[in-house]
Amino acid sequence: MSAEIITMLGGFATLLASGGTFAMFMFRMFMRLESRVELRMGRVEDKVDNLAREVSELRGEFRGRFVSQPAAE
């Protein structure tokens, strides 16, 4: 093989290796980002559940205080 072909093959191998390394890096960053988003979404869901529970309790208190009293005519 000529020197030009060997140089081109070496360049392609280097390009392929650097592209693969970059792809693995991006995949790892995406997975880390995805896990953070899932963690935060879990926290948001917990907060919404807690808020719904509080609103339900408040609704029950209002019903107990105001609905059970006879209406004044």
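The shown structure was predicted, so the numbers you read here are calculated from the model rather than taken from an experiment.

A.B. asks: Whenever I open this one, the overall build of the protein confuses me. Can you help?
C.D. replies: A tally of helices and strands in the protein yields one helix and zero strands. By the compact-globule yardstick of 11 Å for 73 residues, the protein is too spread out, its C-alpha radius of gyration being 31 Å. Principal-axis analysis of the C-alpha atoms gives the protein an extent of 105 × 20 × 10 Å. Each of the 73 residues in the protein was classed as buried or not, and the buried ones make up 0%.

A.B. asks: Where do I start with a nonpolar patch on the surface in this structure?
C.D. replies: A cluster of nonpolar side chains, Met1, Ile5, Ile6, Met8, Leu9, Phe12 and Leu15, forms an exposed patch at the surface whose accessible area comes to about 800 Å². Counting through the fold element by element, isoleucine 6 comes out in helix α1 (residues 3-67).

A.B. asks: Teacher, can you tell me more about the environment of methionine 24 here?
C.D. replies: As for its placement among the helices and strands, methionine 24 is situated in helix α1. When the C-alpha positions of methionine 24 and alanine 52 are compared, they lie 42 Å apart, and in sequence the two are 28 residues distant.

A.B. asks: Would you explain a positive patch on the surface in this entry?
C.D. replies: A cluster of basic side chains, namely Arg28, Arg32, Arg36, Arg40, Arg43 and Lys47, defines a positive patch on the protein surface. Tracing the backbone shows arginine 43 in helix α1.

About the cut-offs
Residues numbered from 1 in each chain as written. Predicted model: local features only at pLDDT ≥ 70, side-chain atom pairs only at ≥ 80, totals over all residues. Heavy atoms only, no water. Helix = DSSP H or I, 4+ residues; strand = E, 2+ residues; numbered from the N terminus. Rg over C-alpha atoms; globule rule 2.2 N^0.38 Å. Buried < 20%, exposed > 50% of the residue type's maximum accessible area, 1.4 Å probe, protein only. Patch = residues over 30% accessible without salt bridge, like charges linked within 9 Å, V, L, I, M, F, W, Y side chains within 5 Å. Areas by Shrake-Rupley, 256 points an atom, 1.4 Å probe, with all protein chains shown as cover. Salt bridge = Lys/Arg side-chain N within 4 Å of Asp/Glu carboxyl O. Lys, Arg positive; Asp, Glu negative; His and termini not counted. Charge placed at Lys NZ, Arg CZ, Asp CG, Glu CD.

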